[in-house]
Amino acid sequence: MEKKREDMSSDEKQEALFQRWISPKDPEGNNLKFQNPQAEKLYKERATRIKDAIQLKKKPDRVPVFLIPSFAPAFYSGLTPHDVMYDFDKIIPAWKKFYLDFQPDAHGGAFVPSPGKFLEILDFNLYKWPGHGVSNKTTYQCLEGEYMRADEYDTLIHNPLYFFSFTWPSRVFGALESFQMLTPLAGLTEMYGVSLPFIPYGTPPVQTALKALMEAGDEALKWIQVVGGFEAEMPTLGFPAYQAGATKAPFDVIGDTLRGTRGIMLDMYRQPDKLLQAMEALTPIYIQLGVGAAKMAGNPLIFIPLHKGADGFLSDAQFKKFYWPSLRKVLMGLIEEGVVPLLWAEGGYNSRLEVIRDLPKGKTAWLFDQTDMAKAKKALDGIACVMGNMPMDLMTVGSTQDAIDHTKRLIDICGKGGGYIMANGAFFDEVRWENLRAIVDTAKEYGVYKK
Amino acid sequence: MTKQWQELTPEEKQEDLFDRWLSPKDPQGKDLKFQSPQAEKAYKERVTRIKDAIQLKKLPDRVPVMPILGFFPNIYAGITPQEAMYDYDKLAKTGKKYTLDFEPDVRASIGLATPGRVFDILDYKLYAWPGHGVSPNHTYQCLEAEYMMADEYDALIQDPSYFFTSTYLPRIFGKLEAFENLCNLANIQEIVAVGPNLIPYGLPTVQEAYKALLEAGSEAKKWAETVGDFNKEMASLGFPGGGGFSKVPFDVIGDTLRGTRGIMVDIYRQPDKVIEAMEAITPLMINMGVSATQKSGNPLVMIPLHKGADGFLSDAQFKKFYWPCFKELLMGLINEGCVPLPFVEGSYNNRLEVIRDVPRGTTYWTFDATDMAKAKKILGDVACIGGNVPTDLLSVGTPQQVKDYVKKLIDSCAKGGGYIMANGVAADSVRPENLKAMIDFTKEYGVYK
């Protein structure tokens, strides 16, 4: 008899999620129908290869190779980011062509082009996007601000989800500003007064806001039907997805788009305890986000982009006190449920390697951008799969030979004994396409492990 | 220079709120225009009388009388509870007729007749109401059930506001069931996640729910405008009223989240979770009362007490589960200048020694079936008490019997101030002449020399 999920160890849960990923189902719960036997074979080989590289139990057949693009598929098809954000029909052909032409070992979905009209309806203030604050050919630009005030930590600590779902949207979406008039519905406990919290919903600003929200919802629904279709189709063509979803480090949640970099840096000095308490309150939420997405998708891989903990942003002492403990709790919470956190250490992580070693074996994968890979491999050897480091400048302006050489060098440094996935170090848009091809092809050829 | 609100002591805050209540403003923020100098005088006398009874600082001119009424004003003036809930003009008219005819120290609280159409629109499941599950002539009936499951304490603790909004709401309103499909938006901080997380707002079922919510909001607003106009008019005629509302954390969970059976089981099976959950919702309950008093400029916060009555919990259970967060609620309100008005349904004979532990002159306890002489003896030096005129007496007794009862209460409880005359439970269909006798005789016999 099969064990129930709640009776499984975290190892067993991880294995079960990997097995679901390797043998995917269609939405009706039947075995996925691949487009041809070759696609099925490729899919299983690829998923198994990635699994082996992550689990560190046995050597994969070769070094897996990922391409993790931003708007690159649009550029590759001669389109601008603006084109694909405003014309959903253009997304799928471009993204499909990108993966089919380069044949990396996994696909990353087609979620990069957000629905442009949707963002306009909501009057999204937190980012500039192609054609809206930046040129049609430029990617997103986050606009940092204090979207949470310094005196709002208690609110965040005690009612974090309410804060995210009502307070924060009223500040980052111009069209939802009137949400600040809404009250928590805790007053709905008795007949008396039960209608009072509904009064704001009768006022024109809230009614207008909700109409905008529904109109935006219509757009989002149209969009997801397109990009969801891509997500469903890619496995049938032989490409497993390298992420079931994403979550974040609690420090980054607060430092990126609540308090902003400046805000959180001040808070570490002025109200360190509140900051720590808030991160603790956020931890279960960000565990749940990852666990929920992984279980729903039947794919253990959950992306975690890391920002404010990079070399130079925090001192070693600050990293150990503020950044790492709650991130580690998120990681352990995910691992406990069989999820494989795929951490993307943007910038350099040289000074953090000794700290992040403190993790169970074969449960995480670390994608590095500018970290010294020899050092990283040495520090994490036997603990975690390392990934990445293919430099953006090399991809953009290097020669094909440079790309081939660097790919080989990375495999020499990191590939030994398994536990390495070839990948780019940062999100990329326009690069030399022949370099991409060289990276993938070299990894496939040079990265084969001898039996 | 006047002190900032945060710098005031609790006593100063209370005084400030009483001052605001004494000198009411109209919705534009100007001094309220009274309809006559007599009305202004009567208004100020009434507020001062209630204030003096509560503060225990000086003797009021007489015992204030504050009847606790459900649909009585409407029934008295010839409409059914159902009509009161659906016809806002009639609701206001009947409230006015009662107030002018009976001249109590506070006006009718017509806001207690909640707007029926809001519940029809939203398909409210938590109560039966006049003409909807009970006869048009009867009052509300709460329908207990497990609106929160035994394994949901962690969710409630983690984020009570969000729990109410996202989990509880779709369960008590049939038309909002689709809100269960909404995601919490904790993951939309980065642009690529914004679209995916807002997809549910495009679902037809969710959109229908929002349309119902907007329709209900418009209806609630209409009702609130009528109630607001009524309150203003009654104040201009000399009758104060209003204030806020809150609940004891144990009752919040025991009444309409887990239900009586649920919470009784939980205090054995998962006592720590119950306590943690009560602690998590206490700040919300404090805030509910404080924000209402700040908005209305009236310090009174009504708190109906249910599951802590004699017989519901043992003394030890009361002390462990009911009182700590109740006390925290009281102190949270008192610290912001509010006057909690615990409305003690059932009896509290076993609880009097425990509840004594409140600062002097900051609370008003309305009792139903508690031994009033005992209550006066135990609480007399710390709190104002009132209530206890029995509904059965008001319903089937004679005016003379009511007078006798009122006289007995004044004799045993009113000495030295700190007493307010009131009936024990919200009255719907009592004999008008009996209620009149309660009010008139208090005015006559309750004068302090």
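Residues numbered from 1 in each chain as written. Chains lettered and ligands numbered in written order. Predicted model: local features only at pLDDT ≥ 70, side-chain atom pairs only at ≥ 80, totals over all residues.

Peer 1: Hey, could you go over the overall build of chain B for me, with residue numbers and the actual values?
Peer 2: A tally of helices and strands in chain B yields 19 helices and nine strands. In summary, chain B has a C-alpha radius of gyration of 23 Å against a globular reference of 22 Å for 449 residues, a match within 12%. C-alpha extents for chain B along the principal axes are approximately 75 × 55 × 50 Å. Burial status across chain B gives 54% buried among its 449 residues. Here the contacts in chain B between residues at least 6 apart in sequence split such that 72% fall between residues at least 24 apart. (Helix = DSSP H or I, 4+ residues; strand = E, 2+ residues; numbered from the N terminus. Rg over C-alpha atoms; globule rule 2.2 N^0.38 Å. Buried ≥ 20, exposed ≤ 12 C-beta atoms within 10 Å, placed from the backbone. Contact = placed C-beta atoms within 7 Å.)

Peer 1: Break down the overall build of chain A for me, with residues and values.
Peer 2: The helix and strand tally for chain A stands at 18 helices and nine strands. A globule of 451 residues ought to have a C-alpha radius of gyration of about 22 Å, and chain A, at 23 Å, matches this closely. When the 451 residues of chain A are sorted by exposure, 52% land in the buried category. Across chain A, the fraction of contacts at a sequence separation of at least 24, relative to all contacts at a separation of at least 6, is 73%.

Peer 1: Requested: an account of the packing of helix α13 (residues 271-296) of chain B against helix α14 (residues 315-335) of chain B, with residues and values cited.
Peer 2: Residues and elements named next belong to chain B. Where α13 contacts α14, the axes come no closer than 9 Å and their chain directions differ by 25°. When the axes of α13 and α14 are compared, the pair comes out roughly parallel. Classified by chirality, the crossing of α14 by α13 is right-handed. For the pair α13 and α14, contact is made by Val 274, Ile 275, Met 278, Glu 279, Thr 282, Met 285, Ile 286, Gly 289 and Val 290 and by Phe 321, Cys 325, Glu 328, Leu 329, Gly 332 and Leu 333, respectively. Split into classes, the residues belonging to the contact of α13 with α14 amount to ten nonpolar, three polar and two charged. (Axes fitted to C-alpha atoms, helices over the stretch in contact; angles between N-to-C directions. Parallel < 35°, antiparallel > 145°, perpendicular 65-115°, else oblique. Left-handed = near helix turned anticlockwise from the far one by under 90°. Nonpolar A, V, L, I, M, F, W, Y, C, P; charged D, E, K, R; others polar.)

Peer 1: Describe the packing of helix α16 (residues 372-379) of chain B against helix α18 (residues 399-413) of chain B, naming the residues involved and giving the relevant values.
Peer 2: Residue and element names in this part refer to chain B. Running from N to C, α16 and α18 cross one another at 25°; their axes reach a closest spacing of 9 Å. Our classification of the angle between α16 and α18 gives roughly parallel. Note that α16 runs across α18; the crossing there is right-handed. Counted together, Met 372, Ala 373 and Lys 376 of α16 and Leu 409, Ser 412 and Cys 413 of α18 form the full contact between these two elements. Split into classes, the residues belonging to the contact of α16 with α18 amount to four nonpolar, one polar and one charged.

Peer 1: So what's going on with helix α9 (residues 204-236) of chain A? Residues and values would help.
Peer 2: The terminal C-alpha atoms of α9(A), which comprises 33 residues, lie 48 Å apart, in line with the 48 Å expected from a rise of 1.5 Å per residue. Following α9(A) by one or two positions, A:Gly238 adopts a phi angle in the positive range, close to 105°. (Expected span 1.5 Å × (residues − 1).)

Peer 1: I'd like a description of the pairing of strand β1 (residues 127-130) of chain A, backed by residues and values.
Peer 2: Residues and elements named next belong to chain A. Relative to strand β3 (residues 141-142), β1 runs antiparallel, the two sharing two bridges. Each residue of the ladder has a partner; that of Lys 128, found in β3, is Gln 141. Inspection of the sheet shows β1 paired to strand β2 (residues 133-134) by two bridges, in the parallel sense. Bridging across to β2, Pro 130 finds its partner in Val 134. (Pairing = 2+ DSSP bridges.)

Peer 1: Tell me about the sheet that holds strand β8 (residues 384-387) of chain B, and name the residues and values.
Peer 2: Strands pair in a sheet through their backbones, by hydrogen bonds, and they do so in one of two ways: parallel or antiparallel. Across the sheet, six strands lie side by side as β4-β5-β6-β7-β8-β9 (chain B); this open sheet has parallel pairing. Every interior strand has two partners, whereas the edge strands, β4 (244-245) and β9 (419-420) of chain B, have only one.

Peer 1: With reference to specific residues and values, describe the interface of chain A and chain B.
Peer 2: Facing 53 residues of chain A, the contacting portion of chain B comprises 53 residues. The set of elements that each furnish at least two residues to the side of chain A that touches chain B consists of β1, α8 (160-172), α9, α10 (250-257) and α12 (272-297) of chain A. It is α9(A) that contributes the most residues to the side of chain A that touches chain B, eleven residues altogether. Partitioning the side of chain A that touches chain B into residue classes produces 37 nonpolar, 13 polar and three charged.

Peer 1: Describe unusual backbone geometry, listing the residues and the values that go with them.
Peer 2: Even without glycine at this site, A:Leu56 takes up a positive phi of about 60°. Looking at where A:Leu56 falls in the secondary structure, it is placed in the loop between α2 (37-55) and α3 (72-76). In this model, B:Leu56 sits at a positive phi of 60°, which is unusual for a non-glycine residue. Positionally, B:Leu56 belongs in the loop between α2 (37-55) and α3 (72-76).

Peer 1: Tell me about the sheet that holds β2(A), and please be specific about residues and values.
Peer 2: Across the sheet, which stays open at both edges, the three strands sit in the order β2-β1-β3 (chain A) with mixed pairing between neighbours. Looking at strand neighbours, the two that pair on one side only are β2 and β3 of chain A, the edges of this open sheet.

Peer 1: Report on the pairing of strand β6 (residues 339-344) of chain B, specifying residues and quantitative values.
Peer 2: All names here are of chain B. Of all six residues making up β6, six are buried, and the element is well covered by its neighbours. Residue alternation in β6 divides its side chains into two sets, Val 339, Leu 341 and Phe 343 and Pro 340, Pro 342 and Val 344, and both sets are buried. Pairing between β6 and strand β7 (residues 364-367): two bridges, direction parallel. By the bridge assignment, Val 344 is partnered in β7 with Phe 367.

Peer 1: Go over α2(A) with me, naming the residues and quoting the values.
Peer 2: All names here are of chain A. Taking 1.5 Å of rise per residue, the 19 residues of α2 would be expected to cover 27 Å, and the 27 Å separating its terminal C-alpha atoms lies within 8% of that figure. Each element contacted by the buried residues of α2 is listed here: α1 (10-22), α9, β6 (340-345), β7 (365-368), β8 (385-388) and β9 (420-421). Phi turns positive one or two residues past the end of α2, at Leu 56, with a value near 60°.

Peer 1: I'd love a proper account of the environment of A:Pro305, names of residues and values included.
Peer 2: Residue and element names in this part refer to chain A. Of note, Pro 305 is situated in strand β5 (residues 301-306). A count of 18 C-beta atoms within 10 Å places Pro 305 in the partly exposed class. Taking C-alpha positions, Pro 305 is 6.5 Å from Ala 345, a pair spaced 40 residues apart along the chain. Beyond its immediate sequence surroundings of up to four residues, Pro 305 is in contact with Trp 344 and Glu 346.

Peer 1: Any chance you could break down the environment of B:Ala42 for me, citing the residues and the numbers?
Peer 2: All names here are of chain B. For Ala 42, the location among the structural elements is in helix α2. By C-beta crowding, Ala 42 is classed as partly exposed, having 18 other C-beta atoms within 10 Å. Placed 197 residues apart in sequence, Ala 42 and Phe 239 show a C-alpha to C-alpha distance of 7.6 Å.

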